[in-house]
Amino acid sequence: MKARLLTALVTGSLLLSGCSVVNFITPYKLDIPQGNEITAKQVALLRVGMTRSQVRFALGTPLLTDPFHKDRWDYIYRDTRGGKVKEAKNFVVFFNENSLVRWDGDYLPDPTATPAEKTRPLPPANDNLLMAVDPSNPDSKIIEVKPLLNEGF
């Protein structure tokens, strides 16, 4: 009798203590940026009087098109890390019929230099690589002469 009571008591206490452990264990939450990333370069393309299709080409498809406000497009961006919002940007575009009237909101700054710009070769300091097709003819077309350094010559 005592063994059964002890077994039931230990089992019950283990089951009840398991409920409190669940609060300490949380699932992994992915870091996912969601929405439209509107940059300063994209905003610089906007001009008053642009059509809806031109704005869609410059900024992309809006995340929210409200059926009650047909002349308003909302571009929303959220970056969550570990389940908490790290960055939130809202950008709104207003139309009158089919033409852009104004825009307002937050946008992402452009990066100072992309990796492609960092590795791009610098232009030559002089025009030694430009040469006339026929050097004896002053009206000859000028072509670019590319050295074959990469080919092993």
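Throughout, a residue's number is its position along its own chain's written sequence, starting from 1. Only residues with pLDDT of at least 70 get local features here, since the model is predicted, and only at 80 or more are side-chain atom pairs given and counted; chain-wide, interface and lining totals rely on the full set of residues. Where side-chain values are given, they derive from all heavy atoms of the structure, hydrogens and water being excluded.

The protein has the name Outer membrane protein assembly factor BamE in an unreviewed UniProt entry, where Deefgea piscis is given as its organism. UniProt positions are given in the numbering used here, feature names are shortened, and annotations may be inferred rather than shown by experiment. According to UniProt, the comment filed for the protein under the heading Sequence similarities (unreviewed entry) is "Belongs to the BamE family." Taken from UniProt, the Subunit (unreviewed entry) comment for the protein reads in full: "Part of the Bam complex."

With phi around 60°, Glu 97 is a residue other than glycine that occupies positive phi space. Numbered from the N terminus, helices here are DSSP runs of H or I no shorter than four residues, and strands are runs of E no shorter than two. Inspection of the secondary structure puts Glu 97 in the loop between strand E4 (84-96) and strand E5 (99-105). A 1.4 Å probe rolled over the protein chains alone gives each residue an accessible area, and that area as a share of the maximum for its type sets the label: buried under 20%, exposed over 50%, partly exposed in between. For Glu 97, a relative accessible area of 64% puts it in the exposed group.

What follows is about the pattern of salt bridges. Salt bridges are defined by distance alone: a side-chain nitrogen of Lys or Arg within 4 Å of a carboxyl oxygen of Asp or Glu. The tally for this structure, following the rule as stated, stands at 4 salt bridges. Among the salt bridges present, the one from Asp 71 reaches Arg 52, with a minimum N-O distance of 2.9 Å. Pair noted here: Asp 71 is in the loop between strand E2 (64-65) and strand E3 (72-81) and Arg 52 is in helix H3 (residues 52-59), with a separation of 19 residues, a long-range link. For Asp 74, the salt bridge is made with Arg 72, and the minimal N-O distance between the two is 3.1 Å.

Next up on the list: a nonpolar patch on the surface. On the surface, a cluster of nonpolar side chains totalling about 370 Å² of accessible area is made up of Tyr 28, Leu 30 and Ile 32. On the secondary structure map, Tyr 28 appears in the loop between helix H1 (2-21) and strand E1 (32-35). Judged by its relative accessible area of 70%, Tyr 28 falls in the exposed class. The patch calculation keeps residues exceeding 30% relative accessible area without a salt bridge and links them within 9 Å when they carry like charges or within 5 Å when they are nonpolar (Val, Leu, Ile, Met, Phe, Trp, Tyr). Computed with the Shrake-Rupley method and a 1.4 Å probe, the accessible areas treat only the protein chains shown as cover for residues.

Turning next to the environment of Val 85. One can find Val 85 in strand E4. On the accessibility criterion, Val 85 (54% relative accessible area) is exposed. A C-alpha to C-alpha distance of 9.6 Å links Val 85 and Pro 33, two positions 52 residues apart in sequence. Throughout, a contact is declared for two residues whenever any of their heavy atoms are within 4.5 Å. Non-local contacts of Val 85, meaning those with residues more than four positions away in its chain, are made with Arg 78, Asp 79 and Thr 80.

A pair of Phe, Tyr and Trp rings is counted when the ring centres sit within 6.5 Å of each other, with Trp represented by its six-membered ring. The angle between the planes then sorts it: under 30 degrees is stacked, over 60 is edge-to-face, the rest tilted. Counted by the stated rule, this structure contains 2 aromatic pairs. On the numbers, 4.8 Å between centres and 65° between planes, the contact of Trp 73 with Phe 95 is edge-to-face. Residue Trp 73 is found in strand E3, and its partner Phe 95 is found in strand E4; the two are separated by 22 residues along the sequence. The class of Trp 73 is buried, set by a relative accessible area of 3%. Pairing Phe 91 with Tyr 107 gives two aromatic rings, centres 6.3 Å apart and planes at 80°, and the pair type is edge-to-face. Residue Phe 91 is located in strand E4, and its partner Tyr 107 is located in the loop between E5 and helix H4 (115-119); the two are separated by 16 residues in the primary sequence. On the basis of relative accessibility, which here comes to 37%, the residue Tyr 107 falls in the partly exposed class.

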